[in-house]
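# Summary of the model geometry
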Amino acid sequence: MFYSITGKVMHLEPQAIVLETGGIAFYLNTTMTTLKTVGEKGTVQTLYTYLNVREDAMDLFGFATEQELACFKLLISVSGVGPKAGLAILSELTPDKLSLALATGDTKALTKAQGIGPKIAKRIVLELKEKIAKDLSLSASMPELETASAAVSGGNTAEAIEALTMLGYAQSEAAVAVAGLDPELSVEDMIKQALKSLARQV
């Protein structure tokens, strides 16, 4: 029904923004990721929208980018994942980080979102892993995504990633750190170089 709404920011809440346009104020549920990009009250903002229709209500959701909106639609397509859970995940993970977590099977990253337990995290990964890999609009901005996903498949890279996750790193973080290394390196050398890379990101 609505593709996007451009209007003046009238009000901000922890998970919502009110945009006024043409004399109408729209209440849009949104994520912390989008709120971080929104200007102060009085500024003009464009949000890409999704209208969720239920028997007892119609809720409008708004996102700063089409990529985030696409991720939201994918998430709520999973059985048991409603709009509230979708917002929670995208408040914790940017679209790029979500894509990487799905591609590498990193359920730990998903469970950082409020209300997302291991069981639903596994279901999300199971249902969306292949979709996220095929959807160029979600992965195009992350050229390392394909490499990181391949790194998880086996060999020394897989062993190095597993070792890094045992040290407390998220699987998606470990996969990115290892993905660019020479696959002929020993597992020990991969771990050492990956740890240096991860330390620089802190």
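These numbers come from a predicted model, not from an experiment.

Reading guide: rules and limits
- Residues numbered from 1 in each chain as written.
- Predicted model: local features only at pLDDT ≥ 70, side-chain atom pairs only at ≥ 80, totals over all residues.
- Heavy atoms only, no water.
- Phe/Tyr/Trp six-rings, centres within 6.5 Å; stacked < 30°, edge-to-face > 60°.
- Helix = DSSP H or I, 4+ residues; strand = E, 2+ residues; numbered from the N terminus.
- Buried < 20%, exposed > 50% of the residue type's maximum accessible area, 1.4 Å probe, protein only.
- Pairing = 2+ DSSP bridges.
- pLDDT = per-residue confidence, 0-100.
- Contact = heavy atoms within 4.5 Å.
- Core = buried A, V, L, I, M, F, W, Y, C linked by side-chain atoms within 4.5 Å.
- Salt bridge = Lys/Arg side-chain N within 4 Å of Asp/Glu carboxyl O.
- Axes fitted to C-alpha atoms, helices over the stretch in contact; angles between N-to-C directions.
- Parallel < 35°, antiparallel > 145°, perpendicular 65-115°, else oblique.
- Left-handed = near helix turned anticlockwise from the far one by under 90°.
- Patch = residues over 30% accessible without salt bridge, like charges linked within 9 Å, V, L, I, M, F, W, Y side chains within 5 Å.
- Areas by Shrake-Rupley, 256 points an atom, 1.4 Å probe, with all protein chains shown as cover.
- Lys, Arg positive; Asp, Glu negative; His and termini not counted.
- Charge placed at Lys NZ, Arg CZ, Asp CG, Glu CD.

### Brief notes about the packing of aromatic side chains
Using the criterion set out here, one finds four aromatic pairs in the structure. Consider the rings of Y3 and Y48, whose centres lie 5.8 Å apart with planes at 85°: the pair is edge-to-face. In this pair, Y3 is assigned in the segment before β1 (4–13) and Y48 in strand β4 (residues 44–53), connecting sequence segments 45 residues apart. Where F61 meets F72, the ring centres are 5.1 Å apart and the plane angle is 35°; that geometry is what we call tilted. Taken together, the residues F61 in strand β5 (residues 58–63) and F72 in helix α2 (residues 66–76) connect sequence positions 11 residues apart. The exposure class of F61 is buried, given its relative accessible area of 5%. The rings of Y50, F61, F63 and F72 are connected pair by pair, giving a single aromatic cluster.

### Regarding the pairing of β5
When β4 meets β5, the two strands line up antiparallel, connected through six bridges. Bridge pairing links Y48 to F63 in β5. Between the end of β4 and the start of β5, which pair antiparallel, lie four residues.

### Things to note about helix α3 (residues 83–92)
Because an α-helix completes one turn every 3.6 residues, residues spaced three or four positions apart along the sequence face the same direction. Counting buried positions along α3 gives seven out of 10 residues, so the element sits mostly inside the fold. Listed in full, the buried residues belonging to α3 are A85, G86, L87, A88, I89, L90 and S91.

### Structural notes on the confidence of the model for the chain
For the chain, the average pLDDT comes to 84, and 87% of its residues sit at 70 or higher. The low-confidence segment residues 136–141 (pLDDT under 50) makes 13 contacts with residues lying over four places distant or belonging to another chain.

### Quick look at the nonpolar core
The tendency in soluble globular proteins is for nonpolar side chains to be buried side by side. Judged by nonpolar contacts, the single largest core of 31 residues is most densely connected at L75, I89, L98, L102, L110 and I124. Secondary-structure elements contributing two or more residues to this core are β5, α2, α3, α4 (95–103), α5 (107–110) and α6 (118–134). The contacts of L75, once residues within four sequence positions are left out, are V81, G86, I89, L90, L98, I124 and L128. Formed by 13 residues, the second largest nonpolar core is a distinct cluster that contains A160, L164, A175 and I191.

### Section: the pattern of salt bridges
Pairs may arise between side chains of opposite charge once their charged atoms sit close together. For the coordinates displayed, the defined rule picks out three salt bridges. Two residues, D56 and R54, come together in a salt bridge whose shortest N-O distance is 3.8 Å. With relative accessibility at 44%, the residue R54 sits in the partly exposed group. The shortest N-O distance in the salt bridge between R54 and D59 comes to 3.3 Å. The exposure class of D59 is partly exposed, given its relative accessible area of 23%.

### Digging into the packing of α2 against α3
Viewed as axis vectors pointing N to C, α2 and α3 meet at an angle of 135°, and their least axial separation amounts to 9 Å. Judged by the angle between their axes, α2 and α3 are oblique. For the pair α2 and α3, the sense of crossing is right-handed. Two secondary-structure elements touch here, α2 through E68, C71, F72, L75 and I76 and α3 through P83, G86, L87, I89 and L90.

### Considering the side chain of N29
Of note, N29 is situated in strand β3 (residues 24–29). Residues within four places of N29 in sequence aside, it is in contact with Q15, A16, D59, L60, F61, G62 and L87.

### Points about a positive patch on the surface
A cluster of like positive charges, contributed by K36, K97, K108 and K112, occupies part of the molecular surface. Checked against the element boundaries, K97 lands in helix α4.

### Considerations on the packing of α2 against α4
Orientation of α2 relative to α4, taken along the N-to-C sense of each, is 40°, at an axis distance of 9 Å. Put simply, α2 runs oblique to α4. For the pair α2 and α4, the contacting residues are Q67, E68, C71 and L75 in the first and P95, D96 and L98 in the second.

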